[in-house]
Each structure stands twice: as structure tokens, then as C-alpha cells.
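# Residue-level structural notes
Residues per chain are reported as follows:
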Amino acid sequence: MPIDTLRLIDQEAKAWVKYLFREQVRPTTEANIRLVYERVGTLNQENLHQLDVESRSWEARARLATSWDIAPMRPYVPCPACSVMGALRLRVDPVVAACTECDASWDAASIDELGAEVAMAISIREGAAVPSESDGEDHDAPQPPQILSLDSVMS
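Residues numbered from 1 in each chain as written. Predicted model: local features only at pLDDT ≥ 70, side-chain atom pairs only at ≥ 80, totals over all residues. Heavy atoms only, no water.

### Notes on the sheet that holds strand 3 (residues 105–106)
Basically, it comes down to this: The rule for pairing is simple: two strands pair if DSSP sees at least two bridges between them. Helix numbering and strand numbering both begin at the N terminus, where a helix is a DSSP run of H or I of at least 4 residues and a strand a DSSP run of E of at least 2.
Ordered in space as 1-2-3, the three strands form an open sheet in which the pairing is antiparallel. Because the sheet does not close on itself, it has two edges, and the strands there are strand 1 (88–91) and strand 3. In this structure, strand 2 (residues 96–99) lies alongside strand 3, joined through two bridges in antiparallel fashion. Across the sheet, the residue bridging to A97 is W106, located in strand 3.

### Focus: the pairing of strand 2
Selection criterion: Only protein chains enter the accessibility calculation, which uses a 1.4 Å probe. A residue is then buried if its area is under 20% of the maximum for its type, exposed if over 50%, and partly exposed in between.
In strand 2, alternate side chains face the same way, and those of V96 and A98 on one face and A97 and C99 on the other are all buried. Here strand 1 pairs with strand 2 via four bridges, running antiparallel. Bridge pairing links L88 to C99 in strand 2. The hairpin turn running from strand 1 into strand 2, its antiparallel successor, is four residues long. Hairpin connection between strand 2 and strand 3: a loop of five residues separates the two successive antiparallel strands, and D103 in this loop has a positive phi of roughly 70°.

### Here we look at the packing of aromatic side chains
Worth spelling out the cut-off: Stacked, edge-to-face and tilted are the three classes for Phe, Tyr and Trp ring pairs, Trp counted by its six-membered ring, which pair at centre distances within 6.5 Å; planes under 30 degrees apart are stacked, over 60 edge-to-face, the rest tilted.
Throughout the structure, instances matching the rule amount to one aromatic pair. Ring centres 6.4 Å apart and planes at 35° place the aromatic pair W16 and F21 in the tilted group. Comparing W16 with F21, the two get one shared label, buried.

### Describing the side chain of T29
Short version of the rule: A contact between two residues is defined here by any heavy atoms of the two lying within 4.5 Å.
Relative to the helices and strands, T29 resides in helix 2 (residues 29–38). In this structure, T29 is in contact with L6, I9 and D10, ignoring residues within four places of it in sequence.

### Digging into the nonpolar core
As a reminder, the rule being used: We call a set of buried Ala, Val, Leu, Ile, Met, Phe, Trp, Tyr and Cys residues a nonpolar core when their side-chain atoms join them within 4.5 Å.
With 15 residues, the main nonpolar core has V77, L88, A97, C99, W106, L114 and V118 as its most contacted residues. For this core, the elements supplying multiple residues, two or more each, are strand 1, strand 2 and helix 4 (111–125). Among the elements that make up this core, the one with the highest residue count is helix 4 (five residues). For A97, the contacting residues outside a window of four places in its chain are L64, R89, L90, A104, S105, W106, I111 and L114. Ranked by size, the runner-up nonpolar core spans 10 residues in total, among them V17, V36, L51 and W58.

This is the structure in C-alpha cells:
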């Protein structure tokens, strides 16, 4: 997996260099990323946002692929992006997650969305009732946060 991750990051960095900056692709991934960094000031808001998303994805994928500190958790739940079971990899420090199938990734800014999806998948798998619109309760009212244990996510 680390080689696949490096290859993916390399391809995406080359695309930024070649198609957006219209520069000659550099011989190494590091050189291409340095060029992208040097040209950040020339980007419009839309491209800057896209680069922010992609560069966070590169970092999340690289951290997960190399298993820094501890091995990532592997909950057996569907990925919210591609629905493949068991493809999510989660790290707690820093909080990042990625799907090994579709390459979707989450960081500290977006991990709450993933947490809600995982909690729903676990709830459904364990047979908990999913509230319907017609049960007479106010589902738009703020709800207390659910606390998930690592054991419940890992099972």
C-alpha cells in the first residue's frame, strides 16, 4: 500500500504541475510538490480550495499508509463514499481516515461526518431502530453526542 499511496500522490502532484501551472513535470514527487508550494500564491480561490483538499488527502493517505505510531483501526462498516465494507482506515492521533478502495479521506475538519455515518452503520447492524419522520418526535432538536467505544467501532 505505501507504494500505491506514493504513486497516487506523485500522479496528483504531476497533474497540478502540468495542467494547472503548465510547467515541465519535475523528476521527483518532492520536486513537484515544492513547485506546487511555490506557486500557491498564483491560485484563484477555487483552485486554492481544491489544492487544500488534495494536500490534506495526501497527508492523510501517507500517514495511514505508513502506519505512523500505531496501526490504523479497521472498522467493518461501509465507506460513506463507495459503500465498500471494511475499507476504512482510521487513526486517532492525528484524527484522519481514508478508504482503501475509493481513496476518500477525512481529516479533523471533516471527521464528524464520517463518525455520524459509522455510528449509523453500527446502529443499523446491531438492529437499532432508525427514527422515521412519522414517530411524533422532534428529530431536528439538538441531540446529545453519542459516545462510541473503540470496541464498538472495531467489531
